[in-house]
Amino acid sequence: MVQKIQKRLTEEDISFSDVSEYGNGKVNVLIDMGDWKHDHLYCDVIMKELGYELSLVTDTEENGSDCYSAIRTYSPKSN
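Residue numbering note: each chain is counted from 1, following its sequence as written. Given that the model is predicted, a residue must reach a pLDDT of at least 70 before its local features are reported, and side-chain atom pairs must reach 80 or more before they are shown or counted; all residues, however, enter totals for whole chains, interfaces and linings. Computation of side-chain values: all heavy atoms of the structure, hydrogens and water removed.

### With respect to the state of the cysteines
Cut-off, in case you're wondering: Pairs of cysteine sulfur atoms within 2.5 Å are what we label disulfides.
All chains considered together, the criterion is met by zero disulfides. Take Cys43: it sits in no disulfide, and the sulfur closest to it among the cysteines is that of Cys67, at 15 Å.

### Brief notes about the nonpolar core
Put simply, the test is: What makes a nonpolar core is a set of buried Ala, Val, Leu, Ile, Met, Phe, Trp, Tyr and Cys residues whose side-chain atoms join them at distances within 4.5 Å. The rule is simple: take the accessible area with a 1.4 Å probe, protein chains only, and divide by the maximum for that residue type; under 20% is buried, over 50% is exposed, in between is partly exposed. Secondary structure is summarised from DSSP: a helix means a run of H or I of at least four residues, a strand means a run of E of at least two, and numbering begins at the N terminus for each.
Judged by nonpolar contacts, the single largest core of 14 residues is most densely connected at Ile5, Leu9, Val29, Cys43 and Met47. Contributions of two or more residues to this core are made by helix H1 (2-11), strand S1 (16-22), strand S2 (26-35) and helix H2 (36-49).

### Notes on the pairing of S2
The criterion, for reference: In this description, strands pair whenever DSSP reports at least two bridges between them.
Bridge count between S1 and S2: six bridges; the pairing is antiparallel. Bridge assignment links Ser20 to a residue of S2, and that residue is Asn28. With antiparallel pairing between neighbouring strands as the criterion, S1 and S2 make up a hairpin whose turn holds three residues, including Asn24 at a positive phi of roughly 60°. Pairing between S2 and strand S4 (residues 67-76): seven bridges, direction antiparallel.

Given below as structure tokens:
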């Protein structure tokens, strides 16, 4: 699934540097200095389409502009 997510994020030009999967099917997407709307919010839309929901955001770097870095954690959607 990680490769499928990486491919889709690349196709949509999202500024990510890493996608990793861990326990219970959760996925972390690290967005590096991405725009809040195009990169961060659009990543949420893409992940929703792939069957995930946002469960946690951990900001890792900001500079006062519209761009910041964060680890976005997604959980598989429950039916």
